Amino acid sequence: MTARPANAHQERVLKLLRDEGPRSRAELSGLIDLSRSKVAVEVDRLMSAGLLVVDGLAASRGGRRSHRIRLSPELRFLGVDIGATSVDVAVTNAELEVLGHLNEPIDVREGPVAVFEQVVVMAGKLKAAGLAESFDGAGVGIPGPVRFAEGVPVAPPIMPGWDGFPVRKALSQVLGCPVMVDNDVNLMALGERHAGVAKRVDDFLCVKIGTGIGCGIVVNGQVHRGASGSAGDIGHIQVDPDGHPCACGNRGCLEAHFSGAALARDALAAVESGHSTGALADRLAASGTLTAADVGAAANVGDAVALDLIRAGGDHVGHVIAGLVSFFNPSLVVLGGRVTGLGHGLLAAIRTQVYRRSLPLATGNLPIVLGDLGPVAGAIGAARLITDHLFSPA
């Protein structure tokens, strides 16, 4: 982008067109409560800056049909969602429609240099496919706490070598565009609010269950990050004082008892101890290892141990979410992440614990649902993050 909005009125126009799609000048006037003449002035300025274009004729209201206005179709944004074991990279237009998406395995423990080399290669593949000549901005999610103002990871438990790494500055230099950085689950929450199950919901929780467990907290439509960027780090809430050791150095954390890695660990222990002789044992014999996906597949064919492991994990997660619901009183709880693909048993266990342990006043009208956007939720949220920044006055 060669221009930024000059004032709050222009910001409202840009963000409304991003979120709601093309509109006529008259429609914009009604939606943002500005006079038609004022809207016309600001729209013309934004068109002169190359941020808006005319996009056909609006529906007739009885008189001469007016033209619709939309964000420039030339704008391109990169959304990067880095997880512990995989990365999603997507190109969007200014309305945050995904034009192309790639997913590849990574190991975040290899450090930021290796991970971002792979991200840049993936971005190059999307460019080579004709989806973008360059990027007007990029949003990046990482699986750990972030000092948001500087775009720097802060003491991430599962990311050796990342603490203090200047992600925003380094990637901005490589990509040649502005970059914003946030925690991955915050971006999942932004994505679901923009185009998913939480669209137009102002107060909700978004829980991501994967290699780790985190929670995005949305208050009055804005992500709550906390004083030091660690808000929502529910994976390190203790669920068993005498439980398994956790990567954070403590014992009995939720993440140590139910995450992708914990589920695979417990499944392997069950087979090796002789407690499981069914589908889990067969999968271990076939591949020599077990993953959370193996547990899900075994549960789908009725393996009793796999079903018990999923139920027990759901109970732990539900217990923690119940406390959050009683404290925060959200209007929606969204569940996402790879482990949520384990099936209805997990969702049922979580719902049971929340509805049982939280007061009826907090849960009487509380949906607990799976996210709509799947693997692109974080990438869409990343694009939303960078456009929130670029569509605001400098």
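The rules behind these values
- Residues numbered from 1 in each chain as written.
- Predicted model: local features only at pLDDT ≥ 70, side-chain atom pairs only at ≥ 80, totals over all residues.
- Heavy atoms only, no water.
- 1 Å grid on protein atoms, 1.4 Å probe; cavity = no way out; pocket = protein on both sides within 12 Å on 5 of 7 lines; lining within 4 Å.
- Points joined across faces, edges and corners; volume = space filled by probe spheres on them.
- Helix = DSSP H or I, 4+ residues; strand = E, 2+ residues; numbered from the N terminus.
- Nonpolar A, V, L, I, M, F, W, Y, C, P; charged D, E, K, R; others polar.
- Salt bridge = Lys/Arg side-chain N within 4 Å of Asp/Glu carboxyl O.
- Buried < 20%, exposed > 50% of the residue type's maximum accessible area, 1.4 Å probe, protein only.
- Contact = heavy atoms within 4.5 Å.
- Pairing = 2+ DSSP bridges.

## Focus: the layout of surface pockets
Computed from the structure, the second largest pocket encloses a volume of approximately 460 Å³. In terms of lining residues, the second largest pocket is bounded by 20 residues, among which Arg-18, Arg-193, Gly-221, Arg-384 and Asp-388 are the most central. For the lining of the second largest pocket, the secondary structure elements donating two or more residues are helix H1 (8–20), helix H6 (184–195), strand E13 (222–223) and helix H14 (377–390). For the lining of the second largest pocket, the residue count by class is 6 nonpolar, 4 polar and 10 charged.

## Some words on the pattern of salt bridges
When the charged atoms of two side chains lie near each other, side chains of opposite charge can form a pair. Scanning the entire structure with this criterion turns up 20 salt bridges. The partner of Lys-15 in a salt bridge is Glu-11, and the shortest N-O contact between them spans 2.7 Å. Note that Lys-15 and Glu-11 are positioned in helix H1 at a spacing of 4 residues, about one turn of the helix. Judged by its relative accessible area of 18%, Lys-15 is buried. Between Arg-25 and Asp-44 there is a salt bridge whose closest N-O contact spans 3.2 Å. Separated by 19 residues along the polypeptide, Arg-25 in helix H2 (residues 25–32) and Asp-44 in helix H3 (residues 36–48) bring together distant segments of the chain. A cluster of three or more residues bridged by salt bridges with shared partners is formed by Arg-18, Asp-19, Arg-384 and Asp-388.

## A closer look at the side chain of Glu-192
Counting through the fold element by element, Glu-192 comes out in helix H6. If we ignore the near neighbours within four places in the chain, the residues touching Glu-192 are Val-197, Ala-198, Lys-199, Val-334, Gly-371, Asp-372, Leu-373, Gly-374 and Ala-377.

## Topic: unusual backbone geometry
The phi dihedral of Asp-33 falls on the positive side, at around 55°, and the residue is not glycine. Following the sequence through the fold, Asp-33 ends up in the loop between H2 and H3. Within the chain, Asn-329 stands out as a residue other than glycine whose phi angle is a positive 55°. Checked against the element boundaries, Asn-329 lands in the loop between helix H11 (304–328) and strand E14 (333–336).

## Notes on the sheet that holds E13
The sheet built from 5 strands is open, its strands ordered E13-E12-E11-E14-E15 with mixed pairing. Each of the sheet's edge strands pairs with one partner strand only, and the pair in question is E13 and strand E15 (368–370). Taken together, the 2 bridges between strand E12 (residues 213–219) and E13 define a ladder with antiparallel strand orientation. The residue bridging Val-219 from the neighbouring strand is Gln-222, located in E13.

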